[in-house]
Amino acid sequence: MSAAVPAGGLRIGGRTVDASDGGSFAVADPASEETIAEVANGTVQDALAAADAAAAAAADWAGRAPRERSEILRAAFETMTARAGEIAELIVRENGKPRADAEGETAYAAEFFRWYAEEAVRNLGSFGTAPSGANRMLVVHQPVGVCLLITPWNFPAAMATRKIGPALAAGCTVVLKPASETPLTALLVADVLAEAGVPDGVVNVVPSRRSGDVAAALLGHDAVRKLSFTGSTEIGRLLLRAAADRVVNTSMELGGNAPFLVFADADLDAAVDGAMVAKMRNIGEACTAANRFYVEAPVAEEFAERLAARMGALDVGPGLDGAAVGPLVNAAAVESVGELVDDATGRGARVLCGGAALDRAGHFYAPTVLAGVPAGARLLGEEIFGPVAPVVAFDSEDEAIAAANDTEYGLVSYVYSRDLDRALRVGERLEAGMIAVNRGLVSDPAAPFGGVKQSGLGREGGHEGLLDYTESKYFAIP
Ligand code: NAP
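The structure reproduced in this document is the subject of the present report. Since the model is a prediction, treat every value here as computed from it, not as a measurement.

A closer look at helix H13 (residues 420-429)
Here's step 1: Of the positions making up H13, those classed as buried are Arg 422, Ala 423, Val 426 and Gly 427. In a view along the axis of H13, the buried residues occupy a sector of 130 degrees, so they form one face of it. Facing away from the buried side of H13 by over 90 degrees, the exposed positions are Leu 420, Asp 421 and Glu 428.

Below, the structure is given as structure tokens:
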């Protein structure tokens, strides 16, 4: 076991403890399928103890000066940056992503602490006169209270810090339930926060394979006032229903089905470069991953061939060995990607590269480009979550926009065109919370990240991300 693997106990009230029933579960390396570590399998009783600890720490944390919370978050940024190498290595080991992606995620994750260190002292309200002149109006933003944070496995560090950073800046305390595939990174992030001076009980972490029971118990806990969830739309819907019972404030970062539009006037070199980033960052296991490539007919074949040449040349192997493409997170992920590709080829799509899982240990799927994908293919309607790029030709702007919007999701859309007027015109009609123009990457801690339609509610990052952890309180004053 590497020195970078944190202790596998729950983090409750500043202590590292076993599960109350002594249970644990194994965390596996997707590249080798070997066990990395055993992690405590939190029980409902443990989850409630974590919420009690967060509730006990809440008044003190909310009462600290914003500058003090800011300095602690800044220290967390410094500590995380100093320990970036070991964090990135742990992410590769439990998630499988290539080392460069893990290093990128670690830097991105740390930035949330820096950004929210800066935001903690800018939680400004407002003061004004009522339109009638009858009274003055003072509005302040207070911490929402104890927050339940539930995170996915695909960005095990960044999805945790994107929630913990603004929550702590706003004066909230938290219980984090990380994904069972990747709990070790979350535990290491908690250790980094403790090292940076976050007081006991402010950040509690409860890994658990009993996600449904643990979430239900926490949503029923009197002190829990906020749920921030990142994961699939399917589980998001369940949690929204569960949160309704106590009218718990919710933020939802859910699934995506991002269209990537390339117009004939685009710089094709830039479009292919951007496609590689939008598709292959995190091996396609990202909510922002380009899921459907709509390319104007005159350049569709050339775009698909150039993308296939780049995708087909990528080396696939364990991330720690320096491969450009690592394994998918587990065997089920490989099976699901394979089914989507087989469905598309069964309907007539042509395989330009890849098209199959690799015959070796670990959960590897070959980078794949499909051309001539017919409408109705499942992978145009579902999240692929793997290294597969389906290319579809279009003839007009209206046709491209209609196809792009023909989904229940609305997280991000990519537009490539040299004509900025067109890019803005198209972007305004695309149903998405984020539009990338001539870029393959949108994520930035300083920007409001989030989706419309069934991709979510609320925003993470930017100033909006801080407000999501506050309640406005209005004073009417003579
Ligand atoms: P998931 O299956 O929905 O799981 C997400 C989290 O929810 C995990 O911690 C999981 O715990 C937990 N969970 C599962 N069932 C639950 C239940 N019944 N009640 C409460 N919690 C439950 O999603 P995933 O497979 O980890 O992540 C991939 C999905 O996340 C994709 O759809 C992706 O698009 C989305 N995502 C969205 C964003 C965004 O910002 N919009 C960012 C990243 C990922 P266990 O692991 O223990 O089951």
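The rest of the description comes next.
What to know about the packing of helix H4 (residues 99-119) against helix H5 (residues 158-170)
Here's step 1: At a closest axis distance of 8 Å, the pairing of H4 and H5 adopts a crossing angle of 5 degrees. As far as their axial angle goes, H5 and H4 are roughly parallel. Contact with H4, carried on its side by Glu 105, Tyr 108, Ala 109, Phe 112, Phe 113 and Tyr 116, involves Ala 158, Thr 161, Arg 162, Ile 164, Gly 165, Pro 166 and Ala 169 of H5 and no other residues of that element.
Here's step 2: A class-by-class count of the residues in the contact of H4 with H5 yields nine nonpolar, two polar and two charged.

Structural notes on the site of the ligand
Here's step 1: Taken together, 30 residues lie near the ligand, and Thr 151, Ser 180, Ser 232, Leu 254 and Glu 383 sit nearest.
Here's step 2: Note that an oxygen atom of the ligand is positioned 2.7 Å from one of the backbone N or O atoms of Thr 151.
Here's step 3: Measuring from an oxygen atom of the ligand, one finds a side-chain N or O atom of Arg 162 at 2.8 Å.
Here's step 4: Taken by itself the ligand offers 910 Å² of open surface, and the protein chains cover 85% of this.
Here's step 5: Taken together, the residues of the shell around the ligand sort by class into 15 nonpolar, eleven polar and four charged.
Here's step 6: Of the residues that make up the shell around the ligand, three or more belong to each of domain 1 (10-255 + 453-477) and domain 2 (258-408 + 412-437).

With respect to the packing of helix H1 (residues 44-63) against helix H7 (residues 211-220)
Between two packed helices, what matters for the description is the angle formed by their axes and the separation of those axes.
Here's step 1: H7 packs onto H1 with a crossing angle of 35 degrees between their chain directions and a minimal axis gap of 9 Å. Of the two possible hands of crossing, H1 and H7 adopt the one that is right-handed. Counted together, Val 44, Ala 47, Leu 48 and Ala 51 of H1 and Asp 213, Val 214, Ala 217 and Leu 218 of H7 form the full contact between these two elements.
Here's step 2: When the residues that make up the contact of H1 with H7 are grouped by side-chain class, the tally is seven nonpolar, no polar and one charged.

Considering the sheet that holds strand S14 (residues 350-353)
Here's step 1: The sheet built from seven strands is open, its strands ordered S14-S15-S16-S13-S12-S17-S18 with mixed pairing. Among the strands making up the open sheet, the edge pair consists of S14 and strand S18 (434-437). Averaged over all adjacent pairs, the angle separating strand axes in this sheet is 25 degrees, with direction ignored.
Here's step 2: Across four bridges, the pairing between strand S17 (residues 412-416) and S18 is parallel.

Considerations on the pairing of strand S11 (residues 249-253)
Here's step 1: Sheet analysis places strand S10 (residues 224-230) next to S11, joined by five bridges and oriented parallel. Bridging from a neighbouring strand, Leu 227 pairs with Thr 250 of S11.
Here's step 2: Read as a crossover between parallel neighbours, the route from S10 over helix H8 (residues 233-244) to S11 is right-handed.
Here's step 3: The sheet contact formed by S11 and strand S19 (residues 456-457) spans two bridges and is antiparallel. Residue Met 252 lies in a different strand from S19, and its bridge partner there is Leu 457.

Parameters at a glance
- Residue positions are given per chain, counting from 1 as you read along its sequence in written order.
- Note on the predicted model: pLDDT of at least 70 is required for a residue's local features to be given, and 80 or more for side-chain atom pairs to be given and counted; whole-chain, interface and lining totals, by contrast, use all residues.
- The basis for the side-chain values is all heavy atoms of the structure; hydrogens and waters are excluded.
- Buried, partly exposed and exposed residues are distinguished by accessible area as a fraction of the type maximum, computed with a 1.4 Å probe on protein chains only: under 20%, between the cut-offs, and over 50%, respectively.
- In DSSP terms, a helix is any run of H or I states spanning at least four residues, a strand is any run of E spanning at least two, and both are numbered starting from the N terminus.
- By construction, the arc corresponds to the directions joining the helix axis to the C-beta atoms.
- Convention adopted: a line fitted to C-alpha atoms gives each axis, helices being fitted over their contacting stretch, and angles between N-to-C directions are expressed from 0 to 180 degrees.
- Here is the rule for angles: anything less than 35 degrees is roughly parallel, anything more than 145 is roughly antiparallel, 65 through 115 is roughly perpendicular, and the remaining ranges are oblique.
- Contacts are residue-level and defined by heavy atoms, with any inter-residue pair within 4.5 Å sufficient.
- Any residue outside Ala, Val, Leu, Ile, Met, Phe, Trp, Tyr, Cys, Pro, Asp, Glu, Lys and Arg is labelled polar, Gly included; the first ten of those are nonpolar and the last four are charged.
- Throughout this document, a residue counts as near a molecule or strand when at least one of its heavy atoms sits within 4 Å of that molecule or strand.
- Two N or O atoms form a polar contact when they lie within 3.5 Å of each other; inside protein one atom must be a possible hydrogen donor and the other a possible acceptor, and for residues adjacent in sequence the pair counts only when both atoms belong to side chains.
- For accessible areas, the Shrake-Rupley method is used with a probe of radius 1.4 Å. Any residue's cover is judged against the shown protein chains and nothing else.
- Throughout the structure description, domain borders are defined by an automatic or database domain assignment.
- Left-handed describes a crossing whose near helix is turned anticlockwise from the far helix by less than a right angle; the clockwise case is right-handed.
- Pairing between strands is defined by DSSP: at least two bridges between them are needed.
- By convention, orient the strands away from the viewer: a clockwise path from the first strand over the helix to the second makes the crossover right-handed.

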